[in-house]
Amino acid sequence: TETGVTIDGAMTEEVQAMLYLSVYLDQFKRGWRYTSIYLLRDRADEGGNQTFGFYKPDYTLRKAAVYLHNLTTILADDRPIRVPGTLNYSIPNQPATVHDLLLQKRDGTFELVIWDERFTGGSDSVNVNLAVPCSSVKVYDPTVGTSPTQTLNNVSSIALILSNHPVIIEIPK
């Protein structure tokens, strides 16, 4: 089956986009191979609320399409890694609404995806502690674009304020 949510009232295009990012990350973390969102493009052939899509009926991008494209662009890799490495990290006092997913690219770079599910408001301050200090890490926000929003040097802890969308911490091997 598929999932999705229509844009209506408090369910803005922005909130829909954040929910869709969370759905894909949640399902991937659970090991699901496929996740289907209803619909790719809003329907225009029947009445009612048809604002489920990543695209409007005229193929104009919705924020969900832009944010998902940014997320997949940041995480993209051309081949799987043969032997994944390990990264020792912790998130002390991790709130129940905060989730993490460690990925690794073929070149050994780690991509630590962290997201919060506070869609009705609020935020959480968390620290990501690295067991081994790192000379440089990059932080990405797929709601902003595909370039790093921060570069931190000589760090063993990364402070984040999370609310309703993921951030990606890129950590070189």
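To keep things clear, this report deals only with the structure shown in the data block. These numbers were taken from a predicted model, which means no experiment stands behind them.

### Quick look at the packing of aromatic side chains
A full pass over the atoms with the stated rule returns 2 aromatic pairs. Relative to F54, the ring of Y20 has its centre 5.3 Å away and its plane inclined at 50 degrees; by these criteria the two rings are tilted. Linking Y20 in helix 1 (residues 13–29) with F54 in the loop between helix 1 and helix 2 (63–75), this pair joins segments that are 34 residues apart in sequence. Geometrically, the ring pair formed by Y38 and F52 is edge-to-face, given 5.0 Å between the ring centres and 75 degrees between the ring planes.

### A few points about helix 2
For helix 2, spanning 13 residues, the distance from its first C-alpha to its last is 18 Å, which sits close to the expected 18 Å at 1.5 Å a residue. Taken together, the buried positions of helix 2 are A64, A65, Y67, L68, N70, L71 and I74. The inward-facing, buried residues of helix 2 contact helix 1, strand 3 (110–116), strand 4 (124–140) and strand 6 (166–171).

### Let's talk about helix 1
Compared with an ideal rise of 1.5 Å per residue, which puts 17 residues at 24 Å, helix 1 spans 24 Å between its outermost C-alpha atoms and is within 8% of the ideal. Within helix 1 the residues assigned to the buried category are V15, Q16, A17, M18, Y20, L21, S22, L25, D26 and Q27. Looking at the packing, one finds that the buried side of helix 1 touches helix 2, strand 2 (98–104), strand 3 and strand 6. Positive backbone phi, approximately 90 degrees, marks G31, located one or two places after helix 1.

Cut-offs and rules
- Residues numbered from 1 in each chain as written.
- Predicted model: local features only at pLDDT ≥ 70, side-chain atom pairs only at ≥ 80, totals over all residues.
- Heavy atoms only, no water.
- Phe/Tyr/Trp six-rings, centres within 6.5 Å; stacked < 30°, edge-to-face > 60°.
- Helix = DSSP H or I, 4+ residues; strand = E, 2+ residues; numbered from the N terminus.
- Expected span 1.5 Å × (residues − 1).
- Buried < 20%, exposed > 50% of the residue type's maximum accessible area, 1.4 Å probe, protein only.
- Contact = heavy atoms within 4.5 Å.

Geometry only, nothing functional implied.
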